[in-house]
Amino acid sequence: MANMRTAMDAAFWDLNISTPNALDSTARSIPGEPKPLDGSKASRALRVQQLSLLGNGFPLGIIPSYSPTPNKELGSFALQSLLFKASTSNWWLGFIGQFRPKKLFSDIKAELSSVDEWELPVLKDIGKHFLEKSLYAFNVCSQLSLTPSSSLLLSTEEHGEKKGRRFRAMLLNKLPEHDVTLEAAWPELFIDHKGRYWEVPESISFDCSSLVSENGFRYRFGLHKNGGHPQAVDNITDEPPLNLMQGICGKVAFSYEKSEDLWRVKEKKEDIVIETDKGRIYRPSYDIRLREPHAAVSGIIGGTLEAWLNNDSSSPSDSRHRRPFGVDLFGSLCYTFQHGKFKETFGDLTRIDARLDVSSASALAKQVTKVFRKAAADSARDVRSSPRLELILQQQVAGPIVLRVDSKFLLNTPAGRPGVQLEDFICSLNYSLRVLQSGKVVAWYSPKRKEGMIELRLFEF
């Protein structure tokens, strides 16, 4: 079933989106924008942990990725690898390296085309191209377990073609009924609903989130501070999103989630223990989260309350203003249908998730009012004023390999008139790892962002 919790998590600053633009493979979703695609949500495993396991299945432990850069000479293709790792009983350290080969090959080709005779100076000139800083990027990440329920994560990364480094620190404490997190990044990388990247010079968050109770009620609250003026990574001239402008925000949110099966075929012991001439064979599903055919309806509804302090949300060229106080409601409704138990080699999994999202009840109400009043279209209308329909299609190709397509449709046109428009799309191939019960290797590509990468994801439902 689609992850309903993202309906509330999208209102905060810590919803991670997968991206090959950073060596830790994450960028933050921007609060106050529509919920991102389920298929774009980052893995729960840190990138260092992913590369440590993925490297066993790739030649020399080298993992390819694809992402455009402002410097076109560098190309979009990159190779990543875990160069070094060390660990003890309560501490580990990892060193990630990345190499972009296009510019190196182009420079060497140009060098060789002008060579008449091979001499030592020629080899030295070729060797200098390997030392060009812009070809490389590095990330160092370390985690220390302070207590059985708390840990400290520190990381830094540097890209040769960019100025400065990115630093990140996170303190996580797991309580019996809550998760408490303190995070800071200098700068922090965000991605908006159009797939554009922004860097905020300073981002600090404190968050307390309750675990989902048996009755489906959940709440969270936190404080967030933006420092400095956001900068576009993609050489665009648009004004940055208001929620990235400097200021301090306090936010509280709650949600109630409910799911009901219309029908379900429960897994039985004889389904996973097969009697053969050679004895009993244990054959579970490739993914325990996909082991039972069913149809279900689920929903979530909730509200948010936020207040901005030091509300400096304007610039000399920006006429927009951020409200110092806001209250809103959100909700999602999802229908899920699954055929097959995902055990056989062929034709044993077809799954469809159809989800309707309303990110902001107040923005939707204002838009409906304008339609009935036949008001002129507003070019600066709230991006959350239109509902979104998200479709997730999964089809088994062979054995543990599944083709997955995530698509999101805007149930309105940009001019505010009724209509349907494709807003986002991600296609992926998933290789389920039965040994991890609900883990898989995911190779995805986003045509909208022109990005793709290979990840290890665990229990992403």
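Shown above is the structure to which this text applies.
Scoring rules and cut-offs
- Residues numbered from 1 in each chain as written.
- Predicted model: local features only at pLDDT ≥ 70, side-chain atom pairs only at ≥ 80, totals over all residues.
- Heavy atoms only, no water.
- Helix = DSSP H or I, 4+ residues; strand = E, 2+ residues; numbered from the N terminus.
- Buried < 20%, exposed > 50% of the residue type's maximum accessible area, 1.4 Å probe, protein only.
- Contact = heavy atoms within 4.5 Å.
- Areas by Shrake-Rupley, 256 points an atom, 1.4 Å probe, with all protein chains shown as cover.
- Lys, Arg positive; Asp, Glu negative; His and termini not counted.
- Charge placed at Lys NZ, Arg CZ, Asp CG, Glu CD.
- Axes fitted to C-alpha atoms, helices over the stretch in contact; angles between N-to-C directions.
- Parallel < 35°, antiparallel > 145°, perpendicular 65-115°, else oblique.
- Left-handed = near helix turned anticlockwise from the far one by under 90°.
- Nonpolar A, V, L, I, M, F, W, Y, C, P; charged D, E, K, R; others polar.
- Phe/Tyr/Trp six-rings, centres within 6.5 Å; stacked < 30°, edge-to-face > 60°.
- Lys NZ or Arg CZ within 6 Å of the ring centre and 35° of its normal.
- Pairing = 2+ DSSP bridges.
- Core = buried A, V, L, I, M, F, W, Y, C linked by side-chain atoms within 4.5 Å.
- Polar contact = N/O pair within 3.5 Å; in protein donor to acceptor, adjacent residues only side chain to side chain.
- Salt bridge = Lys/Arg side-chain N within 4 Å of Asp/Glu carboxyl O.

Our focus in this paragraph is the overall build of the protein chain. A count of helical and extended segments in the protein chain gives 6 helices and 25 strands. Taken along its principal axes, the extent of the C-alpha atoms in the protein chain is 80 × 75 × 50 Å. Taking all 461 residues of the protein chain together, the buried fraction comes to 47%. For the protein chain, contacts bridging at least 24 residues in sequence account for 59% of all contacts bridging at least 6. As presented, the protein chain carries roughly 23,200 Å² of accessible surface, and 62% of it is formed by carbon and sulfur atoms. Within the protein chain, the 55 negative side-chain charges are centred at a point lying 3 Å from the centre of the 60 positive side-chain charges.

Taken N-terminus to C-terminus, the directions of helix H3 (residues 102-113) and helix H4 (residues 120-130) make an angle of 165°; their axes are 9 Å apart at the nearest point. Classified by the interaxial angle, the pair formed by H3 and H4 is roughly antiparallel. Crossing angle aside, the handedness with which H3 passes H4 is right-handed. Note on element contacts: H4 touches H3 through Asp125, Ile126, His129 and Phe130, opposite Leu104, Asp107, Ile108, Glu111 and Leu112. Grouping the amino acids of the contact of H3 with H4 by side-chain chemistry returns 5 nonpolar, 1 polar and 3 charged.

Given two aromatic rings, one states the distance between the centres and the angle between the planes to describe the pair. Tallied over the full model, the rule gives 8 aromatic pairs. On the basis of an interplanar angle of 15° and a centroid distance of 6.4 Å, the ring pair of Tyr136 and Phe138 is categorised as stacked. Here Tyr136 falls in the partly exposed class, since its relative accessible area comes to 25%. Considering the side-chain rings of Phe217 and Tyr219, the 6.1 Å spacing of their centres and the 40° angle between planes classify their relative orientation as tilted. Taken together through their ring pairs, the aromatic side chains of Phe95, Phe99, Tyr136 and Phe138 make up a single cluster. Over the ring of Phe12 we find Lys251; its NZ or CZ atom is 5.9 Å from the centre of that ring. Arg322 extends its terminal NZ or CZ atom over the ring of Trp308, reaching a point 3.5 Å from the ring centre.

All right, on to unusual backbone geometry then. The omega torsion of the bond from Trp186 to Pro187 falls at -10°, within 30 degrees of zero and hence cis. You will see that Ser25, though not glycine, has its phi angle at about 65°, which is positive. With respect to the helices and strands, the residue Ser25 is situated in the loop between strand E1 (16-18) and strand E2 (26-29). Residues other than glycine seldom take positive phi values, yet Gln437 does so here, at roughly 70°. The exposure class of Gln437 is partly exposed, given its relative accessible area of 46%.

Taken in spatial order, the 5 strands of this open sheet run E1-E2-E10-E11-E14, and their pairing is mixed. Looking along the sheet, the strands with just one partner apiece sit at the ends: E1 and strand E14 (231-232). Alignment of strand E11 (residues 197-200) against E14, held across 2 bridges, turns out to be antiparallel. Bridged to Glu199 within E14 is Gln231.

Our next topic: the nonpolar core. Residues Val48, Leu51, Leu54, Ile63, Leu82, Trp92, Ile96, Cys141, Leu153, Ile454 and Leu456 constitute the largest nonpolar core, which totals 11 residues. It is helix H2 (residues 47-54) that contributes the most residues to this core, 3 residues altogether. Counting 9 residues, the second-largest nonpolar core is a separate cluster that includes Met4, Ala7, Ala11 and Phe12.

Now for the side chain of Gln338. As for its position among the elements, Gln338 is in strand E19 (residues 325-339). Among the polar contacts listed, one links the side chain of Gln338 to the backbone oxygen of Leu290, at a separation of 2.9 Å.

Here we come to the pairing of strand E4 (residues 77-87). Along any regular strand, the residues point their side chains to alternate faces of the sheet. Two strands pair when backbone bridges link them, and strand E3 (residues 62-66) and E4 are joined in this way by 5 bridges, in the antiparallel orientation. Considered in E4, the bridge of Ile62 is made with Ser81. Where E4 and strand E5 (residues 91-99) come together, 8 bridges link them in antiparallel fashion. Along E5, the bridge assignment pairs Ser81 with Gly97. Linking two consecutive strands that pair antiparallel, namely E4 and E5, is a turn of 3 residues.

Evaluated as defined, the whole model comprises 34 salt bridges. Asp14 is the partner of Arg220 in a salt bridge, and the nearest nitrogen-oxygen pair spans 2.9 Å. Residue Arg220 is found in strand E13 (residues 217-227), and its partner Asp14 is found in the loop between helix H1 (6-9) and E1; the two are separated by 206 residues along the sequence. Judged by relative accessible area, Arg220 falls into the buried class, the value being 3%.

Attention now moves to the environment of Tyr197. Relative to the elements of secondary structure, Tyr197 occurs in strand E11. Tyr197 sits 131 residues away from Asp328 along the chain, and the two C-alpha atoms are 26 Å apart. Side chain to side chain, Tyr197 and Thr19 meet in a polar contact 2.7 Å long. At a separation of 3.2 Å, a polar atom in the side chain of Tyr197 contacts the side chain of Arg449.

Honestly, that's just the spatial picture; any functional story needs more than this.
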